[in-house]
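Understanding the architecture of this molecule
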Amino acid sequence: MGKIKILAEEVANRIAAGEVIERPASVVKELVENSIDAEATSIIVSIEQGGKKLIQTVDNGIGMSEDDALQCFERHATSKIRTVEDIFQIHSLGFRGEALPSIASVSQLTLITKDKNSDLASQIEFNSGRLTDFTKTSANQGTTIIVRNLFRNVPARKKFLKSDQVEFKHILNYLHYQSVLYPQIHFRLIVNGSEKLNYPVVSDRETRMLAIFGRNFLQKDLLKLDSGDRLPRLSGFLGGLEDEAESFLDYRYLYVNGRFIRDKVIMHSIRSAYDPFLKKNRKFQSGKLPPFILFLLVSPDQVDFNVHPAKMELRFTDPGAIHNFVKRNITERLLTYEENKFASARQKFAATLQEERPTSLEQAIYRKKSERHFSSYKKEFEKLNQPDLFNQPDPDELDQSQKNINRDLFLKAEEDVINPWQLHQSYIFVQIQEGLLIIDQHAAHERIIYEKILHRIHGAPAQTQRLLFPLVIDLPPYLNNIIPQLISENLEILNKIGFSIKTFSGDSIVIDEIPVEIENWDGGEVFIEILKKLEEEFSQTEDFRDSMSKSIACKAAVKAGRKMTRKEMLTLINDLFACEVPYYCPHGRPLIIKMTLTEFEKKFKRIE
C-alpha cells in the first residue's frame with residue numbers, strides 16, 4: 001500500500017477552515033462579502049460573546065434558489081468564475097467557493113435563503129460539516145446565515161481566540177472598513193442584543209466618513225487626493241503634518257479595487273513619499289505614518305487577488321510601476337501642502353496685527369525655506385557669527401574679576417554639577433564620568449508617568465486637579481462602540497488614577513477631576529486621545545490597568561520638539577532614575593543611550 005492517501009472531505013474542509021477562518025471576524029468578513037456580492041442594500045450583523053457563541057448575518061440581497069443553496073456548501077462551488085482567465089478579471093469580493101463549507105465544518109450553521117422566483121425559502125442546517133436538515137420556510141428575499149459555537153469541534157483552534165472584547169473589536173474594525181467603502185449599504189451591528197453600529201445609506205463616501213469619524217473629520221489637517229479618471233487612479237485623504245493631525249483618526253485604510261488590503265508594496269510607497277516630509281519637520285517620531293484613507297483602482301488584469309485564502313493580500317503584474325505611481329501622487333500632494341503652509345506662514349508673519357499666529361509646522365516650513373533662500377550668503381558672513389557650542393565661557397579667558405564672580409556661582413548645589421542640554425528639543429544630553437548619556441525626553445517622561453499611575457492603581461494616593469467647570473465630552477462615533485463599556489466596568493480604577501467621572505450616558509461623559517500629570521487638557525481633546533490609545537493598547541494586553549497607564553503616559557508625557565528649561569530637564573532626570581525600570585519606555589523601547597569616552601576617542605581616531 002502506498003503512503004499517499006486522499007484526504008477525507010471532513011479533514012479537507014477543516015484544513016481549508018484553518019486557512020480561511022482565523023477568528024470570528026474572519027467569518028463575518030466572508031459572510032458580509034457574500035452579502036455585498038449579492039447586491040444587498042441592508043446588512044445586519046449580530047454577535048454574542050465576541051462571535052464565539054453566535055454570528056448571524058441578515059441581508060436583503062438577491063438570495064439563492066433551492067439548488068444553489070444546496071450547491072453552495074460544496075467545496076469550490078462558486079458563481080463568480082468559470083475559467084482560468086476569469087481569475088484575472090475578478091470583479092467580485094468572493095470567488096474561491098471555500099468560505100461556506102469551511103465555516104460549516106467548524107460550527108453549527110443554519111442557512112435561510114430565498115430568491116425572487118421562489119415562493120418559499122430554503123432552510124439548511126449543518127453540524128460540524130454534516131448536513132443535518134433541509135426544510136422549506138417563510139422568509140423575505142435575501143439570505144440569513146446563523147453560525148453557532150465557532151470552533152466547537154476544533155478546541156486547539158478555539159484556545160487561540162482572545163477575549164470577547166478583543167474579538168468584538170476585530171469585527172467592529174472590519175465593518176468600519178466596509179462601511180467606508182460602501183455608503184450605499186445600510187450596515188448594522190448588534191452585540192449581545194444591543195445595537196453598537198448603525199450607518200444608514202448615504203449619498204457618498206465623505207458623508208459616511210463623517211458618520212464614522214465625527215462631524216469634524218473634514219475640518220482637520222486633511223488633504224484630499226485625486227489623480228484623475230484614468231487607470232490607475234488614486235483618490236482619498238491623507239493626514240497632514242500639523243501636531244493635531246494624528247488626533248482625528250488612528251486608522252490607516254487602503255483599498256484596491258474595492259477591497260480592504262494590506263499590501264507591502266503600496267505601504268512602502270506611502271512611507272517613501274511621507275518620509276522626507278516627516279524627517280524634515282520631525283513629526284510622528286513614534287514611527288507611525290499619519291492617518292490616511294486611500295482608494296486605488298487598477299485594471300483587473302493588472303492585479304491578482306488569488307494569492308491568499310482570505311484575500312487580504314494581492315500581487316501586481318508590475319509592482320514597480322504601482323509603487324512609483326502611488327509615491328509620485330502622494331509626494332506631489334504633500335509638496336503642494338507644504339507650499340500652502342509656507343504661504344500661510346508668510347501671510348501671518350506679514351500681518352500688521354497678528355490675530356492668528358503661524359502654527360509650529362508653518363514656522364518650521366517657513367524657517368527652512370527661508371534658510372534655503374539665503375544659503376548662498378551664509379559663507380560670506382559665517383565668520384562674523386560663531387556662537388559657542390555650549391554657551392559657556394572658557395575660564396582661562398576670563399579676567400580675575402570675572403573668575404571671582406563665576407567661582408561664587410559654581411557648586412552651590414548638586415544640580416550645578418549636572419549641565420544637561422537639549423538636541424533638537426527632543427533629546428537630553430548629560431555628561432557623566434564615563435562619557436555621555438542621551439535621554440529620549442518623551443520616552444523617559446512616559447516611563448515616569450506610567451510607573452506613577454501603576455502605583456496609584458495599587459494603592460498610592462491619587463493626585464488630581466479639579467476642573468474649573470465640569471466638562472462634557474462627546475465620544476466620536478468610532479470610539480462609542482467599545483469605550484463606554486470599558487469605562488463603566490473600570491470606574492474604580494479610573495478614580496484611583498485621578499479621574500472623576502460623575503455621569504455616563506449615551507455617547508457623552510462628564511469629567512470634573514483629572515490626574516495632575518495631564519498639563520495640557522486642551523478642552524478635553526487629550527482625553528479622547530487617551531481613549532483612542534486605550535483602545536489600541538487594550539487589544540494588545542487585555543489588561544485595563546496596564547493599558548490605561550500606558551495610554552495616559554503616552555498622551556501626558558512631554559512631546560519631542562518641546563523646549564525644556566534646565567530645571568525641567570533636571571527634574572526629569574531625577575524622576576527617571578527613581579523609577580523601577582529607568583532604561584525602557586512602557587512599550588519596551590530603549591530610552592537611554594550611553595556613549596563612553598572610549599567610543600568618542602575611537603570615532604576621532606585617537607585610539608584604535
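So, a few notes on the structure that sits alongside this text.

Rules and cut-offs
- Residues numbered from 1 in each chain as written.
- Predicted model: local features only at pLDDT ≥ 70, side-chain atom pairs only at ≥ 80, totals over all residues.
- Heavy atoms only, no water.
- Helix = DSSP H or I, 4+ residues; strand = E, 2+ residues; numbered from the N terminus.
- Buried < 20%, exposed > 50% of the residue type's maximum accessible area, 1.4 Å probe, protein only.
- Contact = heavy atoms within 4.5 Å.
- Pairing = 2+ DSSP bridges.
- Axes fitted to C-alpha atoms, helices over the stretch in contact; angles between N-to-C directions.
- Core = buried A, V, L, I, M, F, W, Y, C linked by side-chain atoms within 4.5 Å.
- Parallel < 35°, antiparallel > 145°, perpendicular 65-115°, else oblique.
- Nonpolar A, V, L, I, M, F, W, Y, C, P; charged D, E, K, R; others polar.
- Left-handed = near helix turned anticlockwise from the far one by under 90°.
- Phe/Tyr/Trp six-rings, centres within 6.5 Å; stacked < 30°, edge-to-face > 60°.
- Salt bridge = Lys/Arg side-chain N within 4 Å of Asp/Glu carboxyl O.
- Expected span 1.5 Å × (residues − 1).
- Polar contact = N/O pair within 3.5 Å; in protein donor to acceptor, adjacent residues only side chain to side chain.

With that settled, consider the overall build of the chain. If you tally the helices and strands in the chain, you get 19 helices and 22 strands. Looking at the chain as a whole, 46% of its 608 residues are labelled buried. Sequence-distant contacts, at least 24 apart, represent 68% of the contacts inside the chain between residues at least 6 apart.

The sheet built from four strands is open, its strands ordered E16-E17-E18-E22 with antiparallel pairing. Each edge of the open sheet carries a strand with a single partner, namely strand E16 (421–423) and strand E22 (592–596). Averaged over all adjacent pairs, the angle separating strand axes in this sheet is 30°, with direction ignored. When strand E17 (residues 427–432) meets strand E18 (residues 435–440), the two strands line up antiparallel, connected through six bridges. Looking across to E18, one finds that Ile428 is bridged to Ile439.

Once that is clear, we can look at the nonpolar core. Note on soluble globular proteins: their nonpolar side chains tend to be buried together. If you look at the biggest cluster of nonpolar residues, it comprises 92 residues, and the most contacted ones within it are Leu175, Phe213, Phe499 and Trp521. It is helix H6 (residues 164–181) that contributes the most residues to this core, eight residues altogether. When sequence neighbours within four positions are dropped, the list of residues in contact with Phe499 reads Leu494, Glu513, Ile514, Pro515, Ile518, Trp521, Phe527, Ile530, Met548 and Ile552. In terms of nonpolar packing, the next biggest core, distinct from the first, is built from 32 residues, Phe277, Leu278, Phe305 and Leu334 among them.

Direction vectors running N to C along H6 and helix H7 (residues 205–213) enclose 150°, while the axes themselves pass 8 Å from each other. In terms of orientation, H6 lies roughly antiparallel with respect to H7. Residue-level inspection shows His176, Ser179, Val180 and Leu181 of H6 in contact with H7, the latter providing Arg205, Arg208, Met209, Ile212 and Phe213. Its residues assigned to classes, the contact of H6 with H7 comprises five nonpolar, two polar and two charged.

A separate point is the sheet that holds strand E1 (residues 42–48). Across the sheet, which stays open at both edges, the eight strands sit in the order E5-E4-E3-E6-E2-E1-E7-E8 with mixed pairing between neighbours. The sheet terminates laterally at strand E5 (130–137) and strand E8 (194–199), the two strands that pair on one side only. Sheet twist, expressed as the mean angle between neighbouring strand axes with direction ignored, is 10°. Looking at chain direction, strand E7 (residues 186–191) and E8 are connected through five bridges and run antiparallel. Looking at the pairing, Val191 lines up with Ser194 of E8. Relative to strand E2 (residues 54–59), helix H2 (residues 24–37) is tilted by about 10°, and along the sheet it contacts E1, E2, strand E6 (142–148) and E7.

The geometry of helix H13 (residues 441–457) relative to helix H17 (residues 544–556) is characterised by a closest axis approach of 8 Å and an angle of 140° between their N-to-C directions. One element, H13, and the other, H17, form an angle in the oblique class. Read as a crossing pair, H13 and H17 show a hand that is right-handed. Where H13 approaches H17, its residues His442, His445, Glu446, Ile449, Tyr450, Ile453, Leu454 and Ile457 are matched on the opposing element by Arg545, Asp546, Ser549, Lys550, Ile552, Ala553, Cys554 and Ala556. When the residues that make up the contact of H13 with H17 are grouped by side-chain class, the tally is nine nonpolar, three polar and four charged.

Another aspect to go through is the packing of aromatic side chains. Going through the model one piece at a time under the given rule, you end up with 10 aromatic pairs. Measuring from centroid to centroid gives 6.2 Å for Phe213 and Tyr253, while their planes differ by 50°, and the two rings are tilted. Residue Phe213 is located in helix H7, and its partner Tyr253 is located in strand E11 (residues 252–256); the two are separated by 40 residues in the primary sequence. Look at Phe213 and you get buried, because its relative accessible area is 5%. Accessibility expressed as a relative area gives 1% for Tyr253, which makes it buried. Site record: aromatic cluster; members linked through ring pairs are Tyr177, Phe213, Tyr253, Tyr255, Phe260 and Phe295.

What the rule picks out here adds up to 15 salt bridges. The partner of Lys53 in a salt bridge is Glu48, with the nearest N and O atoms 3.8 Å apart. With its nearest N and O atoms 2.4 Å apart, the salt bridge here joins Arg456 to Glu517. Of this pair, Arg456 sits in helix H13 while Glu517 sits in the loop between strand E21 (508–515) and helix H16 (525–541), and the two are 61 residues apart along the sequence. The two residues Arg456 and Glu517 agree in class, both being buried.

The end-to-end C-alpha distance of H13, which contains 17 residues, comes to 25 Å, matching closely the 24 Å that a straight helix rising 1.5 Å per residue would cover. Within H13, 15 of the 17 residues are buried, which leaves it mostly tucked inside the rest of the structure. At the N-terminal end of H13, a side-chain oxygen is found 3.1 Å from the backbone nitrogen of His442, two or three residues along, and the residue is Asp440. After H13 finishes, the residue Gly459 shows a positive phi value of roughly 125°.

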